[in-house]
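# Structure assessment
What follows is each chain in one-letter form.
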Amino acid sequence: MRKKQFKAESKKLLDMMINSIYTNKEIFIRELISNASDAIDKLYFKSLTDGNVGLSKDDFEIRIDVDKDKRSITVSDNGIGMTEDELESNLGTIAKSGSLNFKNENEDAKEKDIEVIGQFGVGFYSSFMVAKKVEVVSKAYGAETAYKWVSEGANGYSLSECEKENAGTVITLYLKDDTENENYSHFLEEYEISELVKKYSDYIRYPIRMEQTHSVPNPDKEGEYIDEVTLDTLNSMVPLWRKNKNEITDDEYNEFYKMKFMDYENPLKVIHFKSEGTATFDSLIYIPSKPPYDFYSKEYEKGLQLYTNGVLIMDKCSDLLPDYFSFVKGIVDSADLSLNISRETLQQDYQVRIIAKAIDKKIKSELKKMLNNDRENYEKFFSVFGVQLKWGVYSNYGAEKDGLKDLLMFKSSKENKYVTLKEYIDNMPENQEKIYYACGETPEKTALLPQTEAVKAKGFEVLYFTDDVDEFAIQMLMEYGGKSFANICKDDLNLASEDEKKALDEKNNSAKDMLDEMKSWLGDDVTAVKFSDSLGSHAVCLLSEGYVSLDMAKILNQMPGGNQGMKAQLVLEINGSHPVAEKLFKLFAQDKEALKKYTKILYNEARLVSGLEIENPTEFADMVTDLM
């Protein structure tokens, strides 16, 4: 037996491995299984040209054995094994990758679909997070002698000859003692190992087998159960996303989704595609039929499950999804990713950005297909997740608006149905110059606005903006199809003909003294009081001037940490054709004190119509009572 010390840099790295780098101790089983799979890959590759191997692909397997008495976990494989030099090179120098060297030195491996996923070195040393002692017994294919490597951690290791009949590697972990803060014994439970294999290594393409105890009916005594030990295969081996789409039924897609992502409803849309080229990956993307239960909570985390050759690397890789698709669930499996030494965090490299861009483009493309070919389901989707797309238009200074604008929909004054911006423009009369919209709590309430009646009377359609983000998103969009957007509740709507404008100007000029005095009674609450000819049968309304609309100001004031005190510049408009106008002229000439009350009543009435609170309800009620 030869005792050896790790190299200084390896000793330091091992100490980091054990104490800090890996945040999740359970991944040790993933690393050991990945290494075993690599070893089998290498021997399988050799068997393609060497008939002496004597094993077919179906003969390869990974075994896991648990011994509670010895507090040990053993992972063994019948792969290519390691020579004495390879044991020392791969395990004596941490982060030395025998698998990577194998792939670099064997170009044929790439052509024959030999996927090397792990590396002896860093991954192997994750064992010391849970083990106080690790033994590795390995015999290289074609060698006469086997060797045993033993280490109890950073102090070093020993290497000696031993007996082993066949090629392969057996790794035995002797678990640490339990402490007040750490329970290592739960790794000795069959169900725990089984669950970890399912979680991290379900799609390793060789069977992972372990003896498990099952309670079965006693054939000799009815109603009694006995324990039976069977050798079970723990992994499914064939990832659904790597199968041909033609081989998968809708039920299989749906059941996989519900099991994998803990949902009891079928997804609304399944997107299964393979990308080849700059970045090669398989993906299985799901659009849920409803938001996840915690979607609007701080605890919710977006992201896709990320696999490398069937091995789970990250449960939620947020870098693969933009925020506006944060509701999307799914899986990405790629062999091209650069990983950091713990495999738990992706480096922000070119490949990651390429994959994320391809996924984003594919989701948008599939949503457009759904919009064009399956309108009913798209409207269901948009009613649930449309707000996310609108935020996507608004966020990052509109960087993504061009890719999302064709996916937007709004209810409108035509039958209160969803229309896209393109459909709105296609339906516009020739003389319509702008896209008209109004903001409100619901489509029904928005339809009752005086301004909506006026625009509809001109034969124009009105889009109903009922989500807080709507107007902000449209302001960021600025225009669509060469048409700008116009808020019908702003003072610059300008729907009148030249003759109508002239008549209205004359009416306002002739009433200037009265209107100025009414404005003085309202103070800074309004910037002006005017007569209008576009209120239909309604007596009064409030319009806004400038960039900030009435609804934008409302929303900004409601936001935590937002622009409290933000005010829209309001204009009180009075219907010049309504009987109330004649009453105002009469009061201006005969009873200005009554006119002052009328002014305040009309202003508060306009606030109510606009969905604003009355600042002094008691005063308003008293004035109405006095007039009655």
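Reference entry: report on the structure contained in this document.

Each value, and the rule that gives it
- Positions within a chain are numbered from 1, following the residues in the order the chain's sequence is written.
- Local features in a predicted model are, by the rule used here, given only for residues with pLDDT of at least 70; side-chain atom pairs are given and counted only at 80 or more, and totals for whole chains, interfaces and linings are based on all residues.
- In computing side-chain values, all of the structure's heavy atoms are included and hydrogens and water are not.
- Secondary structure elements are taken from DSSP: a helix is a run of H or I of four residues or more, a strand is a run of E of two residues or more, and numbering for both begins at the N terminus.
- Between two residues, a contact is recorded if the distance between any of their heavy atoms is within 4.5 Å.
- Only the protein chains shown count as cover for residues, and the accessible areas themselves come from Shrake-Rupley with a 1.4 Å probe.
- Two strands pair if DSSP finds at least two bridges between them.
- Axis definition: a line fitted to C-alpha atoms, over the contacting stretch in the case of helices. Angles run 0 to 180 degrees between N-to-C directions.
- Only rings of Phe, Tyr and Trp enter the pairing, Trp through its six-membered ring, and a pair is recorded when the two centres are within 6.5 Å. The plane angle decides the type: under 30 degrees is stacked, over 60 is edge-to-face, the rest tilted.
- Three exposure classes are used, based on accessible area relative to the maximum for each residue type with a 1.4 Å probe and protein chains only: buried under 20%, partly exposed in between, and exposed over 50%.
- Either the NZ atom of lysine or the CZ atom of arginine qualifies as a charge over a ring when it sits within 6 Å of the ring centre and within 35 degrees of the ring normal.
- Angles are sorted into four bins: roughly parallel if under 35 degrees, roughly antiparallel if over 145, roughly perpendicular if 65 to 115, and oblique for all others.
- Handedness of each helix crossing follows the sense of rotation of the near helix against the far helix: counterclockwise by less than a right angle gives left-handed, clockwise gives right-handed.
- As a working rule, the residues Ala, Val, Leu, Ile, Met, Phe, Trp, Tyr, Cys and Pro are called nonpolar, Asp, Glu, Lys and Arg charged, and the rest polar, with Gly in that last group.
- Two cysteine sulfur atoms form a disulfide, by the criterion used here, when they sit within 2.5 Å.
- Polar contacts, as counted here, are pairs of nitrogen or oxygen atoms within 3.5 Å of one another; within protein the pair requires one atom able to donate a hydrogen and one able to accept it, and residues that are adjacent in sequence qualify only if both atoms are side-chain atoms.
- In this description, a nonpolar core means a group of buried Ala, Val, Leu, Ile, Met, Phe, Trp, Tyr and Cys residues linked to one another through side-chain atoms lying within 4.5 Å.
- The term salt bridge refers to a pairing of a side-chain nitrogen on Lys or Arg with a carboxyl oxygen on Asp or Glu at a separation within 4 Å.

### Some details on the overall build of the protein chain
Along its length, the protein chain carries 20 helices and 23 strands. Sequence-distant contacts, at least 24 apart, represent 69% of the contacts inside the protein chain between residues at least 6 apart. If you sum the accessible surface of the protein chain, you get close to 31200 Å²; carbon and sulfur atoms cover 46% of it.

### Notes on the sheet that holds strand 4 (residues 131-139)
Pairing is mixed in the open sheet, where nine strands are placed in the order 1-6-5-4-7-3-2-8-9. The sheet is open, and its two edges are formed by strand 1 (2-4) and strand 9 (225-233), each paired on a single side. Going across the sheet, the axis of each strand differs from the next one's by a mean of 20 degrees, ignoring polarity. The strands touched by helix 6 (residues 190-201) are strand 2 (62-67), strand 3 (72-77) and strand 8 (208-217); relative to strand 8, the strand with the most contacts, the crossing angle is about 130 degrees.

### Some details on the packing of aromatic side chains
This model, assessed by the stated rule, comprises 33 aromatic pairs. Between Y125 and F128, the ring centres sit 5.7 Å apart and the planes meet at 20 degrees, which makes this aromatic pair stacked. Relative accessible area serves as the criterion here: at 2%, F128 is assigned to the buried category. Aromatic ring contacts, followed pair by pair, group F295, Y296, Y300, Y324, F325, F327, Y378, F381, F382, F385 and Y418 into a single cluster. Taking NZ or CZ as reference, K411 lies 5.1 Å from the ring centre of Y418, over its face. Over the ring of F531 we find K507; its NZ or CZ atom is 5.6 Å from the centre of that ring.

### Considering the packing of helix 2 (residues 28-47) against helix 6
Between two packed helices, what matters for the description is the angle formed by their axes and the separation of those axes. Contact geometry for helix 2 and helix 6: axes closest at 9 Å, N-to-C directions at 65 degrees. Taken together, the axis directions place helix 2 and helix 6 in an arrangement best described as roughly perpendicular. Of the two elements, helix 2 crosses helix 6, and the hand of that crossing is right-handed. Contacts between helix 2 and helix 6 involve I29, R30 and I33 from the former and L196, V197, Y200 and S201 from the latter. The residue makeup of the contact of helix 2 with helix 6, split by class, is five nonpolar, one polar and one charged.

### Some thoughts on helix 14 (residues 470-477)
The element helix 14 is extensively covered by neighbouring structure, given that six of its eight residues are classed as buried. Taken together, the buried positions of helix 14 are occupied by D470, E471, F472, A473, I474 and L477. Downstream of helix 14 by a residue or two, M478 has a phi angle that is positive, lying close to 70 degrees.

### So, the pairing of strand 12 (residues 304-308)
For strand 12, the tally of buried residues reaches five of five residues, placing the bulk of the element in the interior. Relative to strand 13 (residues 311-317), strand 12 is paired through four bridges, and the arrangement is antiparallel. For L306, the partnering residue across the bridge sits in strand 13 and is M314. If you look at the hairpin formed by strand 12 and strand 13, you'll find two residues sitting between the two strands, and N309 has a positive phi there, around 50 degrees. The sheet contact formed by strand 12 and strand 14 (residues 329-334) spans three bridges and is parallel. Directly across from Y307, in strand 14, lies its bridge partner D333.

### A short note on the sheet that holds strand 15 (residues 409-412)
With respect to topology, six strands assemble into an open sheet ordered 16-15-18-17-20-19, the strand pairing being mixed. Every interior strand has two partners, whereas the edge strands, strand 16 (418-420) and strand 19 (479-480), have only one. Taken together, the two bridges between strand 15 and strand 18 (residues 462-465) define a ladder with antiparallel strand orientation. Counted as the bridge partner of S412 is L463 from strand 18.

### Here's the deal with the state of the cysteines
Using the criterion set out here, one finds zero disulfides in the structure. Here C439 stays unpaired: no disulfide links it, and the sulfur of C489, its closest cysteine neighbor, is 7.1 Å away. According to the relative accessible area criterion, C439 is buried, its value standing at 10%.

### Describing the side chain of S151
Note that S151 resides in strand 5 (residues 146-151). S151 gets classed as buried once you look at its relative accessible area, which sits at 2%. A polar side-chain atom of S151 sits 2.8 Å from the main-chain carbonyl oxygen of G156.

### What to know about the nonpolar core
One finds I64, W149, I359, Y378 and F381 to be the most contacted residues of the largest nonpolar core, which totals 132 residues. Excluding anything up to four places from it in sequence, I64 contacts I29, I33, I73, T74, V75, I193, V197, I208, R209, M210 and E211. Membership of the second largest hydrophobic core comes to 27 residues, among which are A511, M518, L550 and L572.

### A short note on the pattern of salt bridges
By the definition in use, this model includes 33 salt bridges. For the salt bridge of K258 with E255, the shortest nitrogen-to-oxygen distance reads 3.1 Å. With K258 and E255 both in helix 7 (residues 250-261) and three residues apart, this pair spans about one turn of that helix. What makes E255 partly exposed here is its relative accessible area of 46%. R375 is the salt-bridge partner of E379, the closest N and O atoms lying 2.9 Å from each other. Here R375 and E379 lie together in helix 9 (residues 375-394), a separation of four residues that amounts to about one turn. In this structure E379 comes out as partly exposed when scored by relative accessible area, which is 26%. Given the relative accessible area of 26%, R375 is considered partly exposed. Shared partners join several salt bridges into a network, and the residues in it are K269, K362, E366 and K369.

Nothing here speaks to function; it is all geometry.
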